[in-house]
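So you can see what is in the structure, the chains are spelled out below.
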Amino acid sequence: MVAITDVLMAATAIKGVADATPLVPSALSRRLGGDLWLKLETCQPIGAFKLRGASNAVAHLPAGASGVTCCSTGNHGRAVAYAAAARGLRAVICMSELVPEAKVDGIRALGAEVHIHGRSQDEAQIEALRLSRNEGLVDISPFDDPHVIAGQGTIALEMLTARPDLDTLLIPLSGGGLAAGMAVAARALNPDIRLIGITMDRGAAMAASIEAGHPVEVEEVPSLADSLGGGIGLKNKHSFRLCRDLLDEVVLVTEAEIYAALQALYYEDRMVAEGACVVGIAALMAGKVTPSPQMGTVITGRNVGMAQFTRVITGQDVILGDLTVKGHPYG
Ligand SMILES: *Cc1c(COP(=O)(O)O)cnc(C)c1O
């Protein structure tokens, strides 16, 4: 399926597009009960780690492919657009009419064509399927693709090369491409390492699927960790099995815990990061993960909505659908 050799080959294939990022000690280490190392994927050109998987998939397109497509409006869409442009390939990102103009412009600015189709993500996906059937474009999944998984795995390769003494990895978990790839690499380099997938406690499809023993659908609800929303696909082929088999544990955190962790990362480490990045810190702060001497986590992306981020760091309430996260100043 996906093995350490695939991750090693990915490391070579993505060079020059998605480069190595810094691994820095967190100022939160002392209060968290062990050293915590932050892998700064916020330093990637598109501000998120998804460029690793997308650029590896683009480097391994089948013969005859004329370009790539996908239907993500978030970090994956940006990654596919950037990776294709870097190799001089055509990229078409499919979106629904409901996607805000700013996101559409952001993707276009990265050099991709945008096809607006229908009024939902599902209808936009139909356009991506049509393009892959009729125009020879390859539809790249954000997480359920062996090349994407191997690309994301290079994060763990770099972390454990820089710090072989890391004994725990706290990995943000959504579709599981990141966790699957990192787990393949980390287990190969250190069979004893503790691997913990972390996600929010509402609308967590991978956690529910592992619990059920097969991929299930869950209702998507708004979250401070919006990059962790979305399903894993009922026909999931790769990321589900790898996460189920390789992760030691999956831990869920509340929106209030994510809120507090965003403040902590901002005020102690002076970092602007998405809610998805701080779930590991949130789990440690809430006592849901037992600390160990040398822990690592991934600061996965910095593409925050500035209005909501400002509310969090200034201690105001945040409304997420039917849930209000009560505001409070840091500390
Ligand atoms: C996609 C994403 C994740 C989760 O990655 P998966 O491979 O879907 O589990 C975490 N953080 C950010 C910022 C992301 O864009």
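Residues numbered from 1 in each chain as written. Predicted model: local features only at pLDDT ≥ 70, side-chain atom pairs only at ≥ 80, totals over all residues. Heavy atoms only, no water.

### Thoughts on the packing of aromatic side chains
Part 1 of the argument: For the structure on display, the rule yields three aromatic pairs.
Part 2 of the argument: Consider the rings of Tyr266 and Tyr267, whose centres lie 5.0 Å apart with planes at 85 degrees: the pair is edge-to-face.
Part 3 of the argument: Its relative accessible area of 25% is what places Tyr266 among the partly exposed residues.
Part 4 of the argument: Geometrically, the ring pair formed by Tyr267 and Tyr330 is stacked, given 5.2 Å between the ring centres and 10 degrees between the ring planes. With Tyr267 in helix H11 (residues 255-269) and Tyr330 in the segment after strand E12 (323-325), the pair connects residues that are 63 residues apart, well separated along the chain. (Phe/Tyr/Trp six-rings, centres within 6.5 Å; stacked < 30°, edge-to-face > 60°. Buried < 20%, exposed > 50% of the residue type's maximum accessible area, 1.4 Å probe, protein only. Helix = DSSP H or I, 4+ residues; strand = E, 2+ residues; numbered from the N terminus.)

### Brief notes about the sheet that holds strand E4 (residues 90-95)
Part 1 of the argument: A sheet is described by the order of its strands in space; here four strands give the open sequence E5-E4-E3-E6, paired in parallel fashion. If you trace the sheet from one side to the other, it starts and ends with strand E5 (113-116) and strand E6 (137-139), each paired once. Across the sheet, the mean angle from the axis of one strand to that of its neighbour is 25 degrees, orientation sign disregarded.
Part 2 of the argument: Here E4 pairs with E5 via four bridges, running parallel. The partner of Met95 across the bridge, within E5, is Ile116.
Part 3 of the argument: Sheet strands in contact with helix H4 (residues 75-86) are strand E3 (67-70) and E4, and its direction is about 165 degrees off that of E4. (Pairing = 2+ DSSP bridges. Axes fitted to C-alpha atoms, helices over the stretch in contact; angles between N-to-C directions. Contact = heavy atoms within 4.5 Å.)

### Here we look at the nonpolar core
Part 1 of the argument: Counting 39 residues, the largest nonpolar core has Leu36, Leu38, Ile198, Ile258 and Leu265 as the members making the most contacts within it.
Part 2 of the argument: Mapped by element, the contributors of at least two residues to this core are strand E2 (35-40), strand E8 (194-200), strand E9 (249-253), H11, helix H12 (279-285), strand E10 (294-299), helix H13 (306-313) and strand E11 (318-320).
Part 3 of the argument: Top contributing element to this core by residue count: H11, with six residues.
Part 4 of the argument: With residues up to four places along the chain from it excluded, the contact list for Leu38 reads Pro22, Leu23, Val24, Ser26, Leu265, Asp269, Met271, Ile281, Thr297 and Ile299.
Part 5 of the argument: By size, the runner-up hydrophobic cluster in this structure holds 37 residues, among which are Ala150, Leu166, Ile232 and Leu242. (Core = buried A, V, L, I, M, F, W, Y, C linked by side-chain atoms within 4.5 Å.)

### Concerning empty space enclosed by the protein
Part 1 of the argument: A full pass over the atoms with the stated rule returns one cavity of 30 Å³ or more.
Part 2 of the argument: As a volume, the largest cavity reaches approximately 40 Å³.
Part 3 of the argument: Lining the largest cavity, in full, are Leu173, Ser174, Thr199, Ala204, Ala205, Met206, Ala207, Leu228 and Gly230.
Part 4 of the argument: The element contributing the most residues to the lining of the largest cavity is helix H9 (residues 205-212), with three residues.
Part 5 of the argument: Taken together, the residues of the lining of the largest cavity break down into six nonpolar, three polar and no charged. (1 Å grid on protein atoms, 1.4 Å probe; cavity = no way out; pocket = protein on both sides within 12 Å on 5 of 7 lines; lining within 4 Å. Points joined across faces, edges and corners; volume = space filled by probe spheres on them. Nonpolar A, V, L, I, M, F, W, Y, C, P; charged D, E, K, R; others polar.)

### Describing helix H8 (residues 177-189)
Part 1 of the argument: In this model H8 runs 19 Å from its N-terminal to its C-terminal C-alpha over 13 residues, within 8% of the 18 Å that 1.5 Å per residue would give.
Part 2 of the argument: Burial runs high along H8: eleven of the 13 residues are buried.
Part 3 of the argument: Each element contacted by the buried residues of H8 is listed here: helix H1 (4-13), helix H7 (146-162), strand E7 (168-172), E8, helix H10 (239-246) and E10. (Expected span 1.5 Å × (residues − 1).)

### Brief notes about the site of the ligand
Part 1 of the argument: The full set close to the ligand counts 15 residues, and Lys50, Asn75, Ser174, Gly176 and Thr300 are the nearest of them.
Part 2 of the argument: Asn75 is positioned such that a nitrogen or oxygen atom in its side chain is 2.8 Å from an oxygen atom of the ligand.
Part 3 of the argument: Between the ligand and Ser174, the relevant distance is 2.8 Å, taken from an oxygen atom to a main-chain nitrogen or oxygen of the residue.
Part 4 of the argument: Here the ligand has 380 Å² of accessible area as a free molecule, and 97% of this is covered by the chains. (Near = heavy atom within 4 Å. Polar contact = N/O pair within 3.5 Å; in protein donor to acceptor, adjacent residues only side chain to side chain. Areas by Shrake-Rupley, 256 points an atom, 1.4 Å probe, with all protein chains shown as cover.)

### Looking at the domain arrangement of the protein
Part 1 of the argument: Domain annotation for the protein reports domain 1 (4-47 + 153-325) and domain 2 (50-139).
Part 2 of the argument: If you average the C-alpha positions of domain 1 and of domain 2, the two centres end up 24 Å apart.
Part 3 of the argument: Of the residues lining the interface, 19 residues belong to domain 1; the matching set on domain 2 comes to 14 residues.
Part 4 of the argument: Across the domain 1 to domain 2 interface the summed buried area is about 1300 Å²; carbon plus sulfur atoms make up 57%.
Part 5 of the argument: One can count two salt bridges joining domain 1 with domain 2.
Part 6 of the argument: Viewed at the interface, domain 2 and domain 1 are joined by seven residue pairs in polar contact (both at pLDDT 80 or more).
Part 7 of the argument: With three residues, H7 is the single largest residue contributor to the side of domain 1 that touches domain 2.
Part 8 of the argument: Residues belonging to the side of domain 1 that touches domain 2 are distributed by class as follows: nine nonpolar, five polar and five charged. (Domains from an automatic or database assignment. Buried area = accessible area lost by both parts, 1.4 Å probe. Salt bridge = Lys/Arg side-chain N within 4 Å of Asp/Glu carboxyl O.)

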